[in-house]
Amino acid sequence: MTRRIAQRLQDAGLLPAALPTPVASYLPFVVSGDIVAVSGILPTQSGNLIATGRVGESVSLETAQECARQCAINLLTALARVEDETGRQVTRILRISGFVASAPDFTDQHKVMNGASDFIVNLLGDDFRHSREAVGVVSLPLNAPVEISAWAMLSPDSD
Amino acid sequence: MTRRIAQRLQDAGLLPAALPTPVASYLPFVVSGDIVAVSGILPTQSGNLIATGRVGESVSLETAQECARQCAINLLTALARVEDETGRQVTRILRISGFVASAPDFTDQHKVMNGASDFIVNLLGDDFRHSREAVGVVSLPLNAPVEISAWAMLSPDSD
Amino acid sequence: MTRRIAQRLQDAGLLPAALPTPVASYLPFVVSGDIVAVSGILPTQSGNLIATGRVGESVSLETAQECARQCAINLLTALARVEDETGRQVTRILRISGFVASAPDFTDQHKVMNGASDFIVNLLGDDFRHSREAVGVVSLPLNAPVEISAWAMLSPDSD
């Protein structure tokens, strides 16, 4: 079944979600050979950010974790579209990179990013455990609290 | 034609450009199999940064976009050298990562990075649309306003 | 010899080192095909950070370089484990990404990262020169001064 991710999102009541439109002149994802590069994704829902600001200032850890989870939903929505467009299956997530807009004294970026990692693994299983970066940045596009990008692998082309 | 990028840069009056020398003990790019990893590149021209400082403080959005464009010129210069050294063609840019030295209240990193993305696509065409990260960092090497790194794919080795 | 990295670490008196435990629900590394993605690694030794704080404030350049070197030791420890688990050899490091927790006026992130790059090349030789990102971030997990992630390539699978 190549549309596994879409099915799992649907089972969790999270589909159909609209894939966020890039806020600039780039692509939401690129497929080349077996590799998928997914652009930095913001925590939008129906086109609007679910929160804005810096974690440790106007944004709480709990809200930031919700933002990371929403980024992960949008990431999986992108990967579901990759499966749909290519007829191939996403077999692994190699890396997710988490950029957390942080107050200078906020040092729990890893806890924020668990909101994404835990969601992905709970939905798709242990095969979707991944490597990860989590860093605290001063600001993000549109004043988003979290931005997540990813690299994934596809099953071999049937051609 | 394997030297497409060099030709396009030359057509635009942007060659011969010197490839920026890494400011430390690393390589400007690494080729392994079909993959090219390009190091973080600063907005230098003839060896000098075209601006310094943080966007939203001493650097305007317009200047930052010029910096992103200059990073993209330097990136394509590096990819032109890859084509020259390998005799292979760069077929895709998978990802560009844009780090923008940002004042805390500057949240238009995506607009800065359009200075790079638009330049690349205008010069090389829609096949060179790419995935992207854009984040706001507190500072960059040599007080540069922008740093851009990239991943690209090469045509199969003819061996 | 597939266990080259472990041997070199041992020769340098740096083994057996414990691989740092991820501080959250992700993997220290992922192998897929010939590609290895290594998670962001902090400068821990025997489970404790060797320093905390921002470079240019409570952390000196020299201490930050030591932190980058410790991250590199932990990175090579992870790659030694990859060699051990897969029976394959790490042939290249494609990219190391260095995130340096920085005071706003600290702009020597590249010098910090030389602490990692120089260590790797001195230990493993010129074949392990790599592409690199070096950026200044506002804060990192657990108040670490440096976080380094990496991408590497493995020798072809013997199967």
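Draft legend 1. Geometry of the packing of helix α2 (residues 61–86) of chain C against helix α3 (residues 109–124) of chain C. All names here are of chain C. It is the contact of α2 with α3, at a shortest axis distance of 7 Å, that shows an interaxial angle of 40°. Viewed along their axes, α2 and α3 adopt a mutual orientation that is oblique. Seen along the crossing, α2 lies across α3 with a hand that is right-handed. Touching L61, A64, Q65, A68, R69, A72, I73, L75 and L76 of α2 are K111, V112, M113, G115, A116, F119, I120, L123 and L124, all from α3. Here the residues of the contact of α2 with α3 sort into 14 nonpolar, two polar and two charged.

Draft legend 2. Fine view of the nonpolar core. Residue and element names in this part refer to chain C. Among the nonpolar cores identified, the biggest contains 43 residues, and V38, L76, L79, I96, F119 and I120 are the most heavily contacted of them. Those elements giving two or more residues to this core turn out to be α1 (4–11), β2 (35–41), α2, β5 (90–101), α3 and β7 (146–154). A per-element tally of this core places α2 first, with 12 residues. For I120, the contacting residues outside a window of four places in its chain are A72, L75, L76, I93, I96, G125, F128 and H130.

Draft legend 3. Here's a closer look at the interface of chain A and chain B. Chain A puts 27 residues into the contact, and the matching count from chain B is 28 residues. Summed over both sides, the interface of chain A with chain B buries roughly 2200 Å², with 58% coming from carbon and sulfur. Its largest share of buried area at the contact with chain B, chain A owes to A:S25, A:V138 and A:W151, together 23% of the area lost on that side. In this assembly, chain A and chain B are joined by zero salt bridges. Counting across the interface, chain A meets chain B through 13 residue pairs in polar contact (both at pLDDT 80 or more). Of all elements in the fold, only β1 (29–32), β2 (35–41), β5 (90–101) and β7 (146–154) of chain A reach the threshold of two or more residues within the side of chain A that touches chain B. Looking at side-chain class alone, the side of chain A that touches chain B contains 17 nonpolar, eight polar and two charged residues.

Draft legend 4. Molecular detail of the confidence of the model for chain A. Per-residue confidence for chain A averages 92 on the pLDDT scale, and 92% of its residues sit at or above 70. The ipTM value of the predicted complex is 0.93, and its pTM value is 0.95.

Draft legend 5. Here's a closer look at the relation of the copies chain A and chain B. At an RMSD of 0.0 Å, chain A and chain B line up after a rotation of 120° and a shift of 0.0 Å along the axis. Given the turn and translation reported, the copies of this chain are related as if by a three-fold rotation axis. For chain A, the minimum C-alpha distance to the rotation axis belongs to A:V137 and amounts to 3.0 Å. Mapped onto chain B, only 19% of the interface residues of chain A again fall at the interface, so the copies present different surfaces.

Draft legend 6. The arrangement of the sheet that holds β7(A) in detail. All names here are of chain A. With mixed pairing, the five strands of this open sheet are ordered in space as β1-β2-β7-β5-β6. Two strands in the sheet have a free side with no partner beyond their single neighbour: β1 and β6 (131–137). Ignoring which end each strand starts from, the neighbouring axes of this sheet average 10° apart. The pairing of β5 with β6 spans seven bridges and is parallel. Paired with I96 across the bridge in β6 is R132. Where helix α3 (residues 109–124) meets the sheet, its contacts fall on β5, β6 and β7, and the angle it forms with β6 comes to roughly 140°.

Draft legend 7. The interface of chain C and chain B, seen in detail. Contact with chain C, which involves 28 residues of that partner, is made by 27 residues of chain B. Summing both sides of the interface, chain C and chain B together bury roughly 2200 Å²; the carbon and sulfur share of this comes to 58%. Between chain C and chain B we count zero salt bridges in total. Listing elements by their share of the side of chain C that touches chain B, those giving two or more residues are β5, α3, β6 (131–137) and β7 of chain C. Element by element, the count of residues in the side of chain C that touches chain B is highest for β6(C), at seven residues.

Draft legend 8. Inspection of helix α2 (residues 61–86) of chain A at higher detail. Compared with an ideal rise of 1.5 Å per residue, which puts 26 residues at 38 Å, α2(A) spans 37 Å between its outermost C-alpha atoms and is within 8% of the ideal. One or two positions beyond α2(A), positive phi appears at A:G87, with a value near 65°.

Draft legend 9. How the structure looks around empty space enclosed by the protein. One pass over the structure, following the stated rule, counts two cavities of 30 Å³ or more. Considering only enclosed or pocket space, the largest cavity measures out at about 110 Å³ in volume. Sorting the residues of the lining of the largest cavity by element identifies β5 of chain A, β5 (90–101) of chain B together with β5 of chain C as the ones contributing at least two each. Within the lining of the largest cavity, the residues separate by chemical class into six nonpolar, three polar and six charged. If you add up the space inside the second largest cavity, you get close to 90 Å³. Lining the second largest cavity we find A:I35, A:L94, A:W151, B:I35, B:L94, B:W151, C:I35, C:L94 and C:W151.

Draft legend 10. Representation of the environment of B:R54 within the structure. The residue B:R54 is located in the loop between β4 (48–49) and α2 (61–86) in this model. Taking the C-alpha atoms as reference, B:R54 lies 9.7 Å from B:G136; in sequence the two are 82 residues apart. In this structure, B:R54 is in contact with B:V59, B:A101, B:S102, B:A103, B:V138, B:S139 and C:P104, ignoring residues within four places of it in sequence. Within the structure, the side chain of B:R54 is placed 3.0 Å from the backbone oxygen of C:P104, a separation counted as a polar contact.

Draft legend 11. Focus on the sheet that holds β5(B). Residues and elements named next belong to chain B. The five strands lie next to each other as β1-β2-β7-β5-β6, forming an open sheet whose pairing is mixed. Whereas interior strands pair on both sides, the edge strands pair on one side only; in this sheet they are β1 (29–32) and β6 (131–137). Along the sheet, successive strands turn relative to each other by an average axial angle of 10°, direction set aside. In the sheet, β1 pairs with strand β2 (residues 35–41) via four bridges, with the strands oriented antiparallel. Bridge pairing in β2 links F29 to V38. Where α2 meets the sheet, it contacts β1, β2, β5 and β7 (146–154), and its direction lies at approximately 30° from that of β7.

Cut-offs applied
- Residues numbered from 1 in each chain as written.
- Chains lettered and ligands numbered in written order.
- Predicted model: local features only at pLDDT ≥ 70, side-chain atom pairs only at ≥ 80, totals over all residues.
- Heavy atoms only, no water.
- Axes fitted to C-alpha atoms, helices over the stretch in contact; angles between N-to-C directions.
- Helix = DSSP H or I, 4+ residues; strand = E, 2+ residues; numbered from the N terminus.
- Parallel < 35°, antiparallel > 145°, perpendicular 65-115°, else oblique.
- Left-handed = near helix turned anticlockwise from the far one by under 90°.
- Contact = heavy atoms within 4.5 Å.
- Nonpolar A, V, L, I, M, F, W, Y, C, P; charged D, E, K, R; others polar.
- Core = buried A, V, L, I, M, F, W, Y, C linked by side-chain atoms within 4.5 Å.
- Buried < 20%, exposed > 50% of the residue type's maximum accessible area, 1.4 Å probe, protein only.
- Buried area = accessible area lost by both parts, 1.4 Å probe.
- Salt bridge = Lys/Arg side-chain N within 4 Å of Asp/Glu carboxyl O.
- Polar contact = N/O pair within 3.5 Å; in protein donor to acceptor, adjacent residues only side chain to side chain.
- pLDDT = per-residue confidence, 0-100.
- Least-squares fit on C-alpha atoms with pLDDT ≥ 70 in both.
- Pairing = 2+ DSSP bridges.
- Expected span 1.5 Å × (residues − 1).
- 1 Å grid on protein atoms, 1.4 Å probe; cavity = no way out; pocket = protein on both sides within 12 Å on 5 of 7 lines; lining within 4 Å.
- Points joined across faces, edges and corners; volume = space filled by probe spheres on them.

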